[in-house]
Amino acid sequence: MSVSGTTPRGAASEREAAQWVRRMFGGIARRYDLLNHVLSFNLDRRWRARLVERVADVLDRRDGRVLDLCCGTADVLVSLEKRRGRATLLASDFCHPMLLQARRKTAAPLFEADALALPMAGESLDLITIAFGFRNLANYGAGLEELLRVLKPGGVAAILEFSQPTNRAFGALYGFFSARVLPWVGGMVSGSREAYAYLPESIRKFPGAEELAAQMRSAGFARVEFERMSGGAVALHRAWK
C-alpha cells in the first residue's frame, strides 16, 4: 500500500494532518514516556538500543554532526549522548510540549522545527535519527527529500518505525492488541483515547519495511538496508546518501 503521508481522521490536507498530529502529541506529552514503556512491554528500550548500536560508527566521526529528528521527549537523544564519541548532538521536534519534556532530560541543543522544512544548511549533517516519528509526517516523499538535502555525502538516515509483522499468527495477535487493548489502555492513562486510536490506524496505513526501503531508494539514497525486530512489528532502516 502506497500512502503519501499520515492521514488522521478528519484531516483533509497535509496542513490539517500536521496540525492534528502536533495537537495530539501536545496533549499526551506528559504521559508519553510512561505509555511507551507500558504499551511496548519495555521493548522500546531495546529497539532504541539497537538503533544506537547501528549508528555508533557515525557517532565517532571527527567533527560529526547528528540530529535526532522528531525527537519527542528525547529518549533516543539521551541514548545517543551516553554512547557519543566526538559528534555534536542536536534534536528537534515540531511539538513544543514534547520539547519541554525533552528539556528535563538533556542539556543538548533543542529546537522546534517542521521535519519537512528544517532550518539547516544543505549537506550539514552526518547522521539523522528518527524513532517512531517518520510515520507521522504529512508527506513521506517530502520528508525523505529533506533528509537528503541536509545530509552530507556519505551521511546516514536511520529510521526506527513500526511495521507489519511477517508471521500471520503473530500478526493477528498484534492486530488485536493494537486495535482493542492499546486504545483502551492508552486512552485511560493519557486521557486521550483519540490519540491511541490514531496510533494503530497510522501503523496499519504506513508502508511495510520493503516498501519504505523502496521509497528511500526512489528518493535518491545510494544504499538502503533494513532489519525487522520483534516479529516484524518494528523495523530499522538505514540509508546512506
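Going by the structure above, here's the rest.
Because the structure is a prediction, the values reported are computed rather than measured.

K.L.:
So what exactly am I meant to see when it comes to the overall build of the protein chain here?
P.N.:
In terms of helices and strands, the protein chain carries 10 helices and 7 strands. What you see for the protein chain is a C-alpha radius of gyration of 17 Å, in line with the 18 Å of a compact globule of 241 residues. Across its three principal axes, the protein chain shows a C-alpha extent of roughly 50 × 35 × 35 Å. In the protein chain, which comprises 241 residues, the proportion classed as buried is 55%. Relative to all contacts within the protein chain whose residues are 6 or more apart in sequence, the contacts with residues 24 or more apart total 69%. A total of about 11100 Å² of accessible surface is found on the protein chain, and carbon and sulfur atoms cover 52% of it.

K.L.:
Which parts of the structure should I look at to understand the pairing of strand S2 (residues 88-93)?
P.N.:
For a regular strand, side-chain orientation follows a simple rule: the groups alternate between the two sheet faces. The element S2 is extensively covered by neighbouring structure, given that 5 of its 6 residues are classed as buried. Bridge count for strand S1 (residues 65-69) against S2 is 5 bridges, and the pairing is parallel. When the sheet's bridge partners are listed, Val 66 is paired in S2 with Leu 89. After leaving S1, the chain enters helix H5 (residues 75-83) and then returns to the sheet as S2, a path that is right-handed. Two elements, S2 and strand S3 (residues 110-112), share 3 bridges in a ladder whose sense is parallel. From the neighbouring strand, Ser 92 faces S3, where its bridge partner is Phe 111.

K.L.:
Which parts of the structure should I look at to understand empty space enclosed by the protein?
P.N.:
Over the atoms rolls a probe the size of a water molecule, and in doing so it shows where empty space is left. Counting across every chain of the model gives 1 cavity of 30 Å³ or more. Quantified by volume, the largest cavity comes out at close to 60 Å³. Forming the walls of the largest cavity are 11 residues, and the residues nearest its centre are Thr 6, Thr 7, Glu 201, Ser 202 and Lys 205. For the lining of the largest cavity, the residue count by class is 4 nonpolar, 4 polar and 3 charged.

K.L.:
Looking at this structure, how should I read the packing of aromatic side chains?
P.N.:
The geometry of an aromatic ring pair comes down to the distance between the two centres and the angle between the two planes. According to the stated counting rule, one finds 8 aromatic pairs in the structure shown. Measuring from centroid to centroid gives 5.9 Å for Trp 47 and Phe 132, while their planes differ by 55 degrees, and the two rings are tilted. Residue Trp 47 is located in helix H3 (residues 43-54), and its partner Phe 132 is located in the loop between strand S4 (125-131) and helix H7 (140-150); the two are separated by 85 residues in the primary sequence. Note on accessibility: Trp 47 and Phe 132 belong to one class, buried. Look at Phe 134 and Tyr 140: their rings are 5.5 Å apart centre to centre, the planes differ by 25 degrees, and that puts the pair in the stacked class. Residue Phe 134 shares its accessibility class with Tyr 140, and that shared class is buried. Taken together, Trp 47, Phe 132 and Phe 162 form an aromatic cluster joined through their ring pairs. When the ring centre of Trp 240 is taken as origin, the NZ or CZ atom of Arg 223, which lies over that ring, is 3.8 Å away.

The rules behind these values
Residues numbered from 1 in each chain as written. Predicted model: local features only at pLDDT ≥ 70, side-chain atom pairs only at ≥ 80, totals over all residues. Heavy atoms only, no water. Helix = DSSP H or I, 4+ residues; strand = E, 2+ residues; numbered from the N terminus. Rg over C-alpha atoms; globule rule 2.2 N^0.38 Å. Buried < 20%, exposed > 50% of the residue type's maximum accessible area, 1.4 Å probe, protein only. Contact = heavy atoms within 4.5 Å. Areas by Shrake-Rupley, 256 points an atom, 1.4 Å probe, with all protein chains shown as cover. Pairing = 2+ DSSP bridges. Right-handed = clockwise from strand over helix to strand, strands pointing away. 1 Å grid on protein atoms, 1.4 Å probe; cavity = no way out; pocket = protein on both sides within 12 Å on 5 of 7 lines; lining within 4 Å. Points joined across faces, edges and corners; volume = space filled by probe spheres on them. Nonpolar A, V, L, I, M, F, W, Y, C, P; charged D, E, K, R; others polar. Phe/Tyr/Trp six-rings, centres within 6.5 Å; stacked < 30°, edge-to-face > 60°. Lys NZ or Arg CZ within 6 Å of the ring centre and 35° of its normal.

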